[in-house]
Amino acid sequence: MRVYLTSPWIPAEWVRAHGLEARGIWFADTFRQDTPPLAGGVCAFAESVVRLAEAQPDSAVVFTTACDQLRRGFDAATVCEPTRAFLFNLPATQTPAARQIFRAELARLGQFLVTLGGTAPTPEILRHEMAQSDEVRRRLRAAAPPAAARSYAESVARFHTDGSFAAPTVLDPSPAAPLALVGGPLGAKDWKLFDTMEAAGGRVVLNGTLTGERSLCPTFDGNAGWPPDSAAADHQSVGKPKPFDALAAGYIDNLVDVFQRPNTRFYAWLKPRLLDRHVRGIVLWHFTGCDLWRAEWQTLREVSGLPVLLLEADEAAGVSPRDANRLQAFVEMLTPA
Amino acid sequence: MTAPRKLSLSEWDNRYAELHRAGLREPAYGGPLRRHVEREQDFRLEQLQFDNSPAALRLWNFLLTENERLHQARARGEKIVGAMKDLGTIPVMAYALPGLRAFYPDGAWWTPCLMEGSDKLLQQAEALGIDASFCPVRAMLPAFQNGEHFPLPDLLLCSTGAVCDDFSAIAQRLEHLGHAIFWWEMPRRRQPAAGETACALAGNLTAPKSQVDCVRAELQRASGALGQLAGRELDAALLADGIRAANQVRRLLAELRQTVYAAPAAPLPALELLVAEMLALHFCSDREECIAVLEDLLAEARARRSRNQFVSGPEAVRIFWVNPVADLRAMNLLEDLGGRICGSDFMFTHALDLIPEDLPPLEALARTALADPMVGPASDRAARIVRECHANGAEAVVVSRIPGASHCAREGEIIRGSVRQTLNLPTIELEIPSVCDALQPALGSRLQALMETARARRTK
């Protein structure tokens, strides 16, 4: 059974440990394909998730409460008949109650996965999955700074598709303006954006979209007390966090997103990277109707001190000629005469 | 006894003089409605129709003097609490503590309407990074920055999690601008799974005990912050008293709604009912006076019903109205076109339901907060609307969209679908901006078509 995840903050390891196939929905072949004109105010991403849930009844879709559009998209997808859909309550705060919610949701997701035919994992299986994904995330994080943008996006997509590592190609030294791309999910159908930015004379040195480098933040380093592999002797586990606890903590403590309240963690993640990579401008990518990202436009400018271009994605995937034009003007503005 | 009638502001000038000559006694915030136009630039009042009763005069004066009364409270040394988004929960706690006065800065969303945009709040919000793609609650942002409306709160608390993205995003922007916010988590309400302990909530809802526990823990944190501000712990006894007082307001509102909505014709206009219902949220910043205002209105409605005196004819189409309107004029428009309100869901039905008094107070408040129609599935909200439509004999349903509000993109269709499927009632969805004059012909045509459809069904 294939389980599509709509957020990188839902542990794919947990799904795989249940013996099911976890897939980031952004990279599914049929995702954002032929989305019809949208009703007023509906986000194209959320609508595409709803449509995929309806079109692929043999697969399951895990929605989240991270935004109103997805939360209510779940309502729309399940209002007529129950589908294989699950709504994961992603807490916005970082309080003890939020941690408790995340743990409880993870447990509830486990029960859902069992109803889909999955098997409740043993600690060893879960440890194994966690160790594998932790290692891939670590390698991808390390590979980020010198990587070519599109190739890096493909590597991250590969990880979110099957959990494996593919080394991205390294960026050739070039005089192009270094840009950061931040915002919501950037699916495979939208990767043309990288080419457009390069054609305009820029290069993405930081992919802070939901499906870029930022999605690799979960780590079990801080909870590394759990034995690294199934060969660990029982006595090594005494007094150490159980893998389920480490999994929950590794995600909730490292989640970096603008829906968090306060969303200071996002800026704490972003600021040093902007400096380290000598970013000269930021492209803020968001879907029409996404209030959470759109509202950050001004704050991004204030916090970074950099120019920010707002790019709005709608039902048509890719980059419109108008947006290509705007990108070109933006990059020209950043390029020293 | 004067027969019920709706008056323009000019007509109210004469009516006020007449009442004054007859010995009208008013509270400290009383006076002619005209002064709100002159002093506060509440120009929209000149376009509204008001009920002609002294009770309505008191209601309007209570509403329109809120900022002034808050400033007076601050001057007296009281602490001001800004509650945001939860609509009806934090104020119950704040008013339980002596020396605290809570209000919703969210209420600034009506300022552009009342001032007919002369305040330029929406344009200022845009300059602060929040443009017209957001709901009119963005007016709150510049109101905080320019300090020309409500006093800056001593403590700001905002619920987050399963809330509207618009509001959450605007509140976050507010925090970035330097206004510290105490965030508390509101989980998305769900049905208990098999084997989970369930808790009954108001409105025929249930939620898992784990969610109630979570909200209770968050309210406990909020209680600590409020207690610190008040210099006194909010203990169970104080909170229980606060809940009893809040329930007094809720009981009055329930009686008022029943008296008006169930009557053969409307004893009070829709606009005054909308304003009265809003008092449930934070008692319009004065709990005791709020009770007096509602008692007056209820007495007026009862007296009119007993005399068979109404502001609408018995032929008026019975409309159930969903969501608050950004422009108050829309409520007049509905009645001008031959409709009347027979039920409403202005997004805070949980603030109208009684808070259980037989549970530990924080648990009771947590259960009430979790019954918020906006934190659960749209189907729950739709189910309550269907029940109330059925109970009140609604002939049609209007879902009023709030411009830019993220929840409106989907839930309107779910609610309308449920109403059509269950009750086979005609429904329409309308978007009402802060000042709807330019759209009035189109809005009017759509409402008229709805009324005609509803009337045509009577003969079948």
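Residues numbered from 1 in each chain as written. Chains lettered and ligands numbered in written order. Predicted model: local features only at pLDDT ≥ 70, side-chain atom pairs only at ≥ 80, totals over all residues.

Observations concerning the overall build of chain B
Along chain B, the regular secondary structure elements total 18 helices and 12 strands. In summary, chain B has a C-alpha radius of gyration of 21 Å against a globular reference of 23 Å for 460 residues, a match within 12%. In terms of principal-axis extent, the alpha carbons of chain B reach across some 55 × 55 × 45 Å. Long-range pairs, those at least 24 residues apart, make up 75% of the contacts in chain B with a sequence separation of at least 6. (Helix = DSSP H or I, 4+ residues; strand = E, 2+ residues; numbered from the N terminus. Rg over C-alpha atoms; globule rule 2.2 N^0.38 Å. Contact = placed C-beta atoms within 7 Å.)

Structural notes on the sheet that holds strand β12 (residues 427-431) of chain B
Residues and elements named next belong to chain B. The sheet built from four strands is open, its strands ordered β10-β9-β11-β12 with parallel pairing. Since the sheet does not close on itself, it has two edges, and those belong to β10 (339-345) and β12, each with one partner. The average angle at which neighbouring strand axes cross in this sheet is 30°, direction not considered. Of the pairings in the sheet, the one linking strand β9 (residues 317-322) to strand β11 (residues 396-401) comprises four bridges and is parallel in character. What sits directly across from Ile-319, in β11, is Ala-396. Along the sheet, helix α16 (residues 378-392) contacts β9, β10 and β11; its crossing angle with β10, the most-contacted strand, is approximately 140°. (Pairing = 2+ DSSP bridges. Axes fitted to C-alpha atoms, helices over the stretch in contact; angles between N-to-C directions.)

Thoughts on the interface of chain B and chain A
Interfaces are often sized by the amount of accessible area the parts lose when they come together. With 37 residues of chain B in contact, the opposing surface of chain A contributes 37 residues. Those elements that place two or more of their residues in the side of chain B that touches chain A are β5 (155-161), α9 (165-176), β6 (182-186), α10 (209-230), α16 and α17 (408-423) of chain B. Ranked by residues supplied to the side of chain B that touches chain A, first place goes to α9(B) with nine residues. Of the residues in the side of chain B that touches chain A, the class split is 17 nonpolar, 11 polar and nine charged. (Nonpolar A, V, L, I, M, F, W, Y, C, P; charged D, E, K, R; others polar.)

Details of the confidence of the model for chain A
Residue-level pLDDT values for chain A average 91, and 93% of them are 70 or greater. Predicted confidence is poor over residues 224-236 of chain A, with pLDDT under 50, and the contacts of this stretch with residues over four places away or in other chains come to 19 contacts. (pLDDT = per-residue confidence, 0-100.)

Some remarks on the sheet that holds strand β6 (residues 202-209) of chain A
Residues and elements named next belong to chain A. Strand order in the open sheet formed by four strands is β6-β5-β7-β8, and the pairing between neighbours is parallel. Only two strands of the sheet have a single neighbouring strand rather than two, namely β6 and β8 (308-313). Here the strands of the sheet are splayed against their neighbours by 25° on average, with no regard to which way each runs. As defined by bridge partners, strand β5 (residues 177-183) adjoins β6 across seven bridges and the pair is classed as parallel. The partner of Leu-181 across the bridge, within β6, is Asn-207.

Observations regarding the domain arrangement of chain A
Residue and element names in this part refer to chain A. As far as domains go, chain A holds domain 1 (2-115) and domain 2 (146-216 + 256-334). Taken over C-alpha atoms, the centre of domain 1 sits 23 Å from the centre of domain 2. Elements supplying a minimum of two residues to the side of domain 1 that touches domain 2: α1 (12-17), β2 (21-24) and α2 (44-55). Tallied by class, the residues present in the side of domain 1 that touches domain 2 amount to 15 nonpolar, six polar and three charged. (Domains from an automatic or database assignment.)

Regarding the pairing of β9(B)
Residue and element names in this part refer to chain B. Summarising burial for β9: six of the six residues are buried, a large majority. On β9, burial covers both faces: Val-317, Ile-319 and Trp-321 on one face and Arg-318, Phe-320 and Val-322 on the other are all buried. Where β9 lies against β10, six bridges are found, and the strand directions are parallel. In the sheet register, Trp-321 faces β10, and the bridge partner there is Ser-344. Between β9 and its parallel partner β10, the chain crosses via helix α14 (residues 329-336), and the hand of that crossover is right-handed. (Buried ≥ 20, exposed ≤ 12 C-beta atoms within 10 Å, placed from the backbone. Right-handed = clockwise from strand over helix to strand, strands pointing away.)

What to know about helix α3 (residues 54-64) of chain B
Residues and elements named next belong to chain B. Among the 11 residues in α3, 10 count as buried, and that is most of the element. Among all positions of α3, only Ala-55, Ala-56, Leu-57, Arg-58, Leu-59, Trp-60, Asn-61, Phe-62, Leu-63 and Leu-64 are buried. On its buried side, α3 packs onto α2 (34-40), β2 (50-51), α4 (66-75), α12 (270-282) and α13 (287-306).

Here we look at the nonpolar core
The tendency in soluble globular proteins is for nonpolar side chains to be buried side by side. Membership of the largest hydrophobic core comes to 272 residues, with the highest contact counts inside it found for Val62(A), Leu284(A), Ile170(B) and Leu294(B). Residue-level mapping places this core at the junction of two domains, with at least three residues from each of domain 1 (2-115) and domain 2 (146-216 + 256-334) of chain A. Apart from the residues within four sequence positions on either side, Val62(A) is in contact with Val3(A), Tyr4(A), Leu5(A), Thr6(A), Ile10(A), Phe86(A), Phe88(A) and Leu109(A). (Core = buried A, V, L, I, M, F, W, Y, C linked by C-beta atoms within 7 Å.)

Things to note about the packing of helix α3 (residues 68-78) of chain A against α17(B)
For any two helices packed against each other, one specifies the crossing angle of their axes together with the interaxial distance. Relative to each other, α3(A) and α17(B) sit at 20°, their axes nearing to 9 Å. Here α3(A) lies roughly parallel to α17(B), going by the angle between them. Here α3(A) runs over α17(B); the crossing is left-handed. Along its contact with α3(A), which presents Gln69(A), Arg72(A), Gly73(A), Asp75(A) and Ala76(A), the element α17(B) presents Ala409(B), Arg410(B), Glu411(B) and Ile414(B). When the residues that make up the contact of α3(A) with α17(B) are grouped by side-chain class, the tally is three nonpolar, two polar and four charged. (Parallel < 35°, antiparallel > 145°, perpendicular 65-115°, else oblique. Left-handed = near helix turned anticlockwise from the far one by under 90°.)

As for unusual backbone geometry
Note that the residue after Arg261(A), namely Pro262(A), is joined by a cis bond; omega there is -5°. You can see Pro262(A) is positioned in the loop between α9 (243-252) and α10 (264-276). Positioned with a positive phi, Glu116(B) is a non-glycine residue whose angle comes to about 45°. As for its placement among the helices and strands, Glu116(B) is situated in the loop between α6 (111-114) and α7 (121-127). Notably, Asn204(B) is not glycine yet its phi reads approximately 60°, a positive angle. Considering the arrangement of structural elements, one finds Asn204(B) in the loop between β7 (198-201) and β8 (205-208).

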